[in-house]
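Structural overview for review
Take a look at the letters that make up each chain.
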Amino acid sequence: MDLKELKEAIKKYRPDANLKLVDDAYSLAASAHKDQKRCSGEDYITHPLNVAGILTELQLDVVTIAAALLHDVVEDTPISLDTIKELFGEEVARLVDGVTKLSRLEYKTKEEQQAETLRKMFLAMAHDIRVILIKLADRLHNMRTLKYLPVEKQKDIARETLEIYAPLAHRLGIFRLKWELEDQSLRYLEPERYYELVKSINMKRQEREAYIEEVVKLLKEKMEEAGIKADIQGRPKHFYSIYNKMVKQNKELNEIYDLIAVRIIVNSIKDCYAALGQVHALWKPIPGRFKDYVAMPKPNMYQSLHTTVIGPNGDPFEIQIRSWEMHRTAEYGIAAHWRYKEGSASDRDFEQKLTWLRQLLDWQREMRDPREFMETLKIDLFSDRVYVFTPKGDVVELPAGSVPIDFAYKVHTDVGHTCTGARVNGRIVPLDYKLKTGDITEIITTKGSQPSRDWLHIVQSTQAKNKIRQWFRKKSREQNLNKGRDLLEKECQKQGLDPEEDLKVSILQEVLPKVNVATVEDLYVMVSEGIINPQQVIVRIKEQKEQKRSSDSDVFKTIKPWQEYGKPSRGIRVKGLDNLQIRLAQCCKPLPGDEIIGYITRGRGISVHRVDCLNVKYHLKTEKERFIEVAWDTDVEGTYQVHLEVFAVDRPNLAMDIITAINDTKTIINSIHARAVKNNQALVDLKLEIRSPEHLQYIMDKIRRIRLVTDVKRVVYG
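In this text, all values refer to a predicted model and were calculated from it rather than measured experimentally.

Counting its secondary structure elements, the protein contains 31 helices and 20 strands. In the protein, buried positions account for 48% of the 718 residues. By element, 49% of the accessible surface of the protein is carried by carbon and sulfur atoms, the whole surface being about 36600 Å².

To continue, consider a negative patch on the surface. A surface patch of negative charge is lined by Glu190, Glu192, Glu196 and Glu252. Following the sequence through the fold, Glu190 ends up in the loop between α11 (175-189) and α12 (191-203). With a relative accessible area of 33%, Glu190 lands in the partly exposed category.

It is worth spelling out the sheet that holds strand β2 (residues 260-266) at this point. Sheet strands pair via backbone hydrogen bonds, and the direction of the pair is either parallel or antiparallel. The sheet built from five strands is open, its strands ordered β1-β2-β5-β4-β3 with mixed pairing. Across the chains shown, the open sheet's two edge strands, defined by having one partner strand only, are β1 (231-236) and β3 (291-292). Here β1 pairs with β2 via six bridges, running antiparallel. In the strand pairing of β2, Gln233 is matched with Arg263. Along the sheet face, helix α15 (residues 269-282) touches β2, β3, β4 (305-310) and β5 (316-323) and points at about 10° away from the line of β4.

Working note: regular strand, side chains alternate between the two faces of the sheet. Here strand β17 (residues 640-649) runs beside strand β19 (residues 681-690); their pairing, made up of ten bridges, is antiparallel. By the bridge assignment for β19, Val646 is matched with Val684. Bridge count for β17 against strand β20 (residues 709-714) is five bridges, and the pairing is antiparallel. For Val646, the partnering residue across the bridge sits in β20 and is Val712.

This part is about the pattern of salt bridges. In the structure shown here, the tally under the stated rule is 17 salt bridges. Across the salt bridge formed by Arg144 and Glu180, the nearest N and O atoms sit 2.8 Å from each other. Residue Arg144 is found in helix α9 (residues 130-144), and its partner Glu180 is found in helix α11; the two are separated by 36 residues along the sequence. Taking the relative accessible area as the measure of exposure, Arg144 reaches 34% and is therefore partly exposed. Classification of Glu180 by relative accessible area gives partly exposed; the value is 23%.

The next point concerns the packing of aromatic side chains. Applying the stated criterion across every chain, the model contains seven aromatic pairs. For the pair Tyr194 and Tyr195, a centre-to-centre distance of 5.0 Å together with 85° between the ring planes defines the contact as edge-to-face. According to the relative accessible area criterion, Tyr194 is buried, its value standing at 13%. Ring geometry for Tyr194 and Phe239: centres 5.7 Å apart, planes at 80°, overall edge-to-face. With Tyr194 in helix α12 and Phe239 in helix α14 (residues 239-249), this residue pair connects regions lying 45 residues apart in the sequence. Three or more aromatic residues joined by ring pairs make a cluster, and in this case those are Tyr194, Tyr195 and Phe239. For the cation-ring pair, Arg453 lies above Phe472, with the distance from its terminal atom to the ring centre recorded as 4.2 Å. Above the face of the Tyr524 ring, Arg485 is positioned so that its terminal group lies 4.6 Å from the ring centre.

Now for the confidence of the model for the protein. Averaged over every residue, the pLDDT of the protein is 80; residues scoring 70 or more account for 83%. This model gives residues 102-108 a pLDDT under 50, and the stretch forms 16 contacts once residues within four places in sequence are excluded. A low-confidence stretch, residues 552-565 (pLDDT under 50), is modelled with 29 contacts involving residues beyond four sequence positions or located in other chains.

Once that is clear, we can look at helix α4 (residues 62-69). In terms of residue burial, α4 counts as a mostly covered element, since eight of its eight residues are buried. For α4, the set of buried residues is Val62, Val63, Thr64, Ile65, Ala66, Ala67, Ala68 and Leu69. On its buried side, α4 packs onto α1 (3-13), α2 (19-32), α3 (46-57), α7 (90-99) and α9.

Following the sequence through the fold, Thr161 ends up in helix α10 (residues 151-171). Owing to a relative accessible area of 0%, Thr161 belongs among the buried residues under this scheme. Each C-alpha atom of the pair Thr161 and Met143 lies 8.5 Å from the other, and the pair is 18 residues apart in sequence. In this view, Thr161 contacts Arg139, Met143, Ala166, Pro167, Leu181 and Ser185; residues no more than four positions away in its chain are not counted. In terms of polar contacts, Thr161 uses its side chain to reach the backbone carbonyl oxygen of Ile157, at 2.7 Å.

With that settled, consider the environment of Pro236. Note that Pro236 resides in strand β1. Along the backbone, Pro236 and Val262 are 26 residues apart, and their C-alpha atoms lie at a distance of 8.6 Å. Filtering out sequence-adjacent residues up to four positions away, Pro236 remains in contact with Arg208, Leu259 and Ile260.

With that out of the way, let us pick up the packing of helix α6 (residues 81-88) against α7. Axis angle and axis distance: for two packed helices, these are the angle between their axes and the distance between the axes, and together they describe the pair. In contact at an axis separation of 7 Å, α6 and α7 are set at 150° when each is read in the N-to-C sense. The chirality of how α6 crosses α7 is right-handed. Here Leu81, Ile84, Lys85 and Phe88 of α6 lie close against α7, whose contacting residues are Glu90, Val92, Ala93, Val96 and Asp97. Along the lines of polarity and charge, the residues of the contact of α6 with α7 split into six nonpolar, no polar and three charged.

Further remarks concern the sheet that holds strand β14 (residues 606-610). A sheet is described by the order of its strands in space; here four strands give the open sequence β12-β14-β13-β15, paired in mixed fashion. Strand pairing shows two members of the sheet lacking a second neighbour, β12 (582-584) and β15 (627-628), which therefore form its edges. Direction of pairing for strand β13 (residues 596-600) relative to β14: antiparallel, over a ladder of five bridges. Paired with Ile600 across the bridge in β14 is Ile606.

Another aspect to go through is the pairing of β4. Across the six residues of β4, five count as buried, placing the element largely inside the fold. Taken together, the six bridges between β4 and β5 define a ladder with antiparallel strand orientation. Bridge assignment links Thr308 to a residue of β5, and that residue is Glu318. In textbook terms, the turn of a hairpin is the stretch between consecutive antiparallel strands, and for β4 and β5 this stretch comprises five residues, one of which, Gly314, has a positive phi near 85°.

Parameters at a glance
Residues numbered from 1 in each chain as written. Predicted model: local features only at pLDDT ≥ 70, side-chain atom pairs only at ≥ 80, totals over all residues. Heavy atoms only, no water. Helix = DSSP H or I, 4+ residues; strand = E, 2+ residues; numbered from the N terminus. Buried < 20%, exposed > 50% of the residue type's maximum accessible area, 1.4 Å probe, protein only. Areas by Shrake-Rupley, 256 points an atom, 1.4 Å probe, with all protein chains shown as cover. Patch = residues over 30% accessible without salt bridge, like charges linked within 9 Å, V, L, I, M, F, W, Y side chains within 5 Å. Salt bridge = Lys/Arg side-chain N within 4 Å of Asp/Glu carboxyl O. Lys, Arg positive; Asp, Glu negative; His and termini not counted. Charge placed at Lys NZ, Arg CZ, Asp CG, Glu CD. Pairing = 2+ DSSP bridges. Contact = heavy atoms within 4.5 Å. Axes fitted to C-alpha atoms, helices over the stretch in contact; angles between N-to-C directions. Phe/Tyr/Trp six-rings, centres within 6.5 Å; stacked < 30°, edge-to-face > 60°. Lys NZ or Arg CZ within 6 Å of the ring centre and 35° of its normal. pLDDT = per-residue confidence, 0-100. Polar contact = N/O pair within 3.5 Å; in protein donor to acceptor, adjacent residues only side chain to side chain. Left-handed = near helix turned anticlockwise from the far one by under 90°. Nonpolar A, V, L, I, M, F, W, Y, C, P; charged D, E, K, R; others polar.

Below, the structure is given as structure tokens:
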């Protein structure tokens, strides 16, 4: 698709659309991506163009189309979100930001990055559902061009598509995208099975098409007799749908009979049920295979009557009956309803359709462990659903496989906590009874009763699991606080830090934002539960200390001498005196930039010390008159010996790796001594010849990057 075709596609459903916004977005995207190519060798701009083209099939507004054209600009080019906001406005910028991955941040694991990207996307969806529509279109075009990537990358992307994006399209009711995402994923995850399936189905295409023609002809005659205006279409089932049935039922293709589905589209709900009567009069329905999604729509707004009948040749096939409005919703899902959101009267209805998304946001905020987040996302959001009734007739939606405890927590948290039994359809059932659609469920509660940890193994809904975990978390919070504190102290000691000094509440509070935790108590609890690794916290504390050391480190600025100082000697000027013997004290080994003071020795000239040297503090008490003001010369040159201590986890070749790193910088090593200390730690003493404070900092930073080195310190006192 090119820009001209894109604009023509928009005009077909929005003749009055502001196409200047689309032109401007395309111009910026084409300019930003001009030097970039896709793995296929095509110009990169073809990707955003095709994403925008897919969205025109969903008949979305020009703001969404513009955001689709710009969706990779912030992530893949130097252009900032602020620039997008300035040029295209807040609305376009918000959509682009919602789609942009968090790939520029650093995460410990790929799973953590995926979880945080999805969190951000869902949060953006809550404000504007168009974010996910752009993301789905983006993923679909990537799946269409997946063949140009390495095989392992193909499988990773296809697996993520099948586990996250195809079910999300299903949840939003956008079946037009869902089917293709599933079929494309199967193509790369199970290539042999996929192509075997395609070949086998194509071999019987003529036979199947003839069968569909016969069925459609019979149905048309029947509908005309009954005076029902209907559009009747036959379609083969999608490959993934057939493959899924083969796997679940452990059958070969020749054992799957309902490879086709017939769709009857009528003008009204009344005609839907009238058409159903005609179908059942024509062919015998299979018991238990009738589903009424018109009276009880799915959460994704899908509505249809489904029935499976025994056809003319004795083979079963499915018939779907729906109105034109239902058909549009089935094809486009939430996208079909987007245009109605602009009218205030429909806003409330539109928001109700997204209730499931609000629930998703509620529980995702409580989950910090990326593995738990991804697992519950797949179970709670994308599993099949069951619909059960309260005794008053209210419908409650739950994940397939739910038990009465799930139902109890859905009704109210206190009902869940005090649940001791359940009645389903008037009879007592065990708490692990799997609820079925249509069950009338009543919960039996007992005052003072409490949840059981065993419940976590049988409940299916995230809501129930969260409420149970919260109850036990609250109950054992004090115990968890102590355990978390102990784990942090042990890790602190292990890495050579002082728990009393480095685990102060004030220090931990500075680290909280970096581990995404609200309070110090929450941090202790999450460490005790294994959600946060104590090593991760201590690493952040060490980083914090290093940043402070760098920011406070004005020791490296040159202290300029007063004009009345004498001529320099060994890089030092003495106030009011020239031609004195100067030496740098060996006890504290001052470097240029250190704050210094001179001590007049007996017969050996002036000894220069750091002002915080212990010897200076001792002699100041009794020999104050022997101290004199000195300063570094502004053009000081030469080399100075410095003493460093390197702390690390003990391992083979540690000293050799340190020597190699220092030798790479052409720095002279005067001495090195390595020894093992307690808790599997090692201490390496180094004495080096340093030219400047910057030289010293460079060396220390280089040593810190060596594997398993935990800290590097300059030794002030010899």
